[in-house]
Amino acid sequence: MPEIETRILSAEEEDMKTAVSQATALLAAGEIVAVPTETVYGLAADAFNADAVAKVFAAKERPAFDPLIVHISSLKELPEVAELPEDIAPVVKSLAGAFWPGPLTIVLPKSAKVPDIVTSGLPTVAVRQSGSVIFRQIGKALGRPIAAPSANRFGRISPTSASAVMKELDGRIPLIIDGGACSEGVESTIVKIESRGEQRPLIHVLRAGPVTKEDLQKFGKVVIQKRLVSEHPEAPGQLASHYAPLTPLLMFEKPEDFKPEPGKKYGLLSYRGDPKAGYIDLHEWEVVEELSPGSGKLIEAAVRLFYVMRHLDEQGLDAIVAEPVSETGLGVAIMDRLRRAAVGRE
Ligand code: TXA
Ligand code: MG
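Each chain carries its own residue numbering, running from 1 in the direction its sequence is written. A letter from A marks each chain and a number from 1 marks each ligand, given out in the order of writing. Residues qualify for local features only when their pLDDT is at least 70, as the model is predicted, and side-chain atom pairs are given and counted only at 80 or more; totals for whole chains, interfaces and linings, by contrast, use all residues. By convention in this description, side-chain values take in all heavy atoms of the structure and omit both hydrogens and water.

Our working rule: UniProt positions are given in the numbering used here, feature names are shortened, and annotations may be inferred rather than shown by experiment.
As named in an unreviewed UniProt entry, the protein is Threonylcarbamoyl-AMP synthase, taken from Luteolibacter flavescens. Its UniProt record gives the protein a comment under Catalytic activity (unreviewed entry), which states: "L-threonine + hydrogencarbonate + ATP = L-threonylcarbamoyladenylate + diphosphate + H2O".

1. So, the pairing of strand β10 (residues 199-207)
Using the following cut-off: Relative accessible area decides the class of each residue, using a 1.4 Å probe on protein chains only: under 20% of the type maximum gives buried, over 50% gives exposed, and in between gives partly exposed. The way it works is that DSSP assigns letters per residue, a run of H or I at least four long becomes a helix, a run of E at least two long becomes a strand, and they are numbered from the N terminus. A pair of strands counts as paired when DSSP detects no fewer than two bridges linking them.
Among the nine residues that make up β10, seven are buried, leaving the element largely enclosed by the rest of the structure. Here strand β9 (residues 189-196) folds back onto β10 in antiparallel fashion, the turn holding two residues, of which Gly197 has a positive phi close to 60 degrees.

2. Topic: the environment of Tyr243
Relative to the assigned elements, Tyr243 resides in the loop between β11 (221-224) and β12 (249-250). The class for Tyr243 is buried, based on a relative accessible area of 2%. For the pair Tyr243 and Arg337, spaced 94 residues apart in sequence, the C-alpha separation works out to 6.5 Å.

3. Here's the deal with the packing of aromatic side chains
For clarity, the cut-off: For Phe, Tyr and Trp, where Trp contributes only its six-membered ring, two rings pair if their centres lie within 6.5 Å, and the inter-plane angle classes them as stacked under 30 degrees, edge-to-face over 60, or tilted in between.
Summed over all chains, the structure comprises five aromatic pairs. Ring geometry for Phe99 against Phe219: centres 5.6 Å apart, planes inclined by 65 degrees, an arrangement best described as edge-to-face. Taken together, the residues span a long stretch of sequence, with Phe99 in helix α4 (residues 89-99) and Phe219 in the loop between α8 (213-216) and β11 at a distance of 120 residues. An identical accessibility class is assigned to Phe99 and Phe219; each is buried. With 6.0 Å between their ring centres and 20 degrees between their planes, Tyr243 and Phe306 make a pair best called stacked.

4. Remarks on helix α2 (residues 50-60)
The condition is simple: Only heavy atoms matter for contacts: two residues are in contact if any of them lie within 4.5 Å across the pair. Two N or O atoms count as a polar contact when they lie within 3.5 Å, although within protein this holds only if one can serve as hydrogen donor and the other as acceptor, and sequence-adjacent residues are included solely when both atoms are side-chain atoms.
Within α2, burial applies to Ala52, Val53, Val56, Phe57, Ala59 and Lys60. Next to the buried residues of α2 lie β3 (42-46), α5 (116-119), β7 (146-147) and α7 (162-169). Its side-chain oxygen at 3.0 Å from the backbone nitrogen of Asp51, Asn49 defines the N-terminal cap of α2. Trailing α2 by a residue or two, Glu61 shows a phi angle of about 55 degrees, which is positive.

5. Some thoughts on the domain arrangement of the protein
To keep it simple, the criterion reads: By convention here, the domain bounds are inherited from an automatic or database domain assignment. Summed over both partners, the accessible area (1.4 Å probe) lost when two parts come together is defined as the buried area. Salt bridges, as used here, are contacts in which a Lys or Arg side-chain nitrogen is within 4 Å of a carboxyl oxygen on Asp or Glu.
According to the domain assignment, the protein consists of domain 1 (7-78 + 112-178) and domain 2 (249-342). Between domain 1 and domain 2, the C-alpha centre-to-centre distance is 30 Å. Buried area between domain 1 and domain 2, both sides added, is near 620 Å², and the carbon and sulfur share of it is 56%. On the domain 1 side of the interface with domain 2, the three residues burying the most area are Ile157, Thr160 and Lys167, jointly 69% of the side's total. Summed over the shared surface of domain 1 and domain 2, the number is two salt bridges.

Okay, here's the thing in structure tokens:
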């Protein structure tokens, strides 16, 4: 791939207009641009332009079998990208009403307008309306839906800041819009709805995220597909090894299972730095990073997760040991990302 110059443009207050118009101009010309969302930074392309979408796959080195999420900037755009079958329309509308704009992605039958490359040939399309004002303004200015996966190389840690995008895609894309740190920190929850006639619909969670099982339960019976790891997984974000640092990341059933090798350097990714969790005093750690120092708040842990993983990855360690967090609410999404980062490394 020929190297191109990657510019970063701030979208803070007075720079916002310029950022929106420059990003929009590039997208309208069939280029790709990294844009912040409330979850992680996305690598955006005009969803109706197959050539532009192909550039996203190339820049990320993403296999063609892994479909992209299509972002709409208003509900009016929904019929352009997806069909709304009668049997699930009420629950889809309720979910959209409750969680959009926000970190929920809904898998629906795709409209003919969406090119096959976007959905990897699937008859369905994953749709969401991002909570990021910058992202939605760009979508509105473009007047078309935006296809955007996370702005990292395939299988790597999702970026939650412009500098993290730079580390992933420098020389591969023309522009990064800098909207500061992402407020959620982990990717959107992905759901698929199954109607059951008179009974409450089933809400299949294909990827755990900021909208939790507890949040979704009001709208149907929630089924978590925690470890969907087949050859053709329904959400390749569910592939066994994903979100992975270059440094091996280790997780253990119990702290005592950790058997350090002499002379090797280990870092600890701790939840809140609590010795009672059994990890802090286990070893002379080279470095200890906490996800939510002191109090242990899952919201803060999610926001910091990919930042801390990236930081530990840059310390020249032989391995990172990750302490588990409690698997309730947002903790489900955090543990999902940690386990996937650890797969194949134990
Ligand atoms: O928060 C997010 O969702 C971010 C921001 C940028 O919006 N995007 C994101 O995209 O995480 P990506 O491509 O990294 O993850 C999207 C996941 C992939 O695992 C993909 O397989 C799944 O969505 N997906 C896309 N279309 C699908 C479909 N039709 N059926 C099932 N899964 C689908
Ligand atoms: Mg991704």
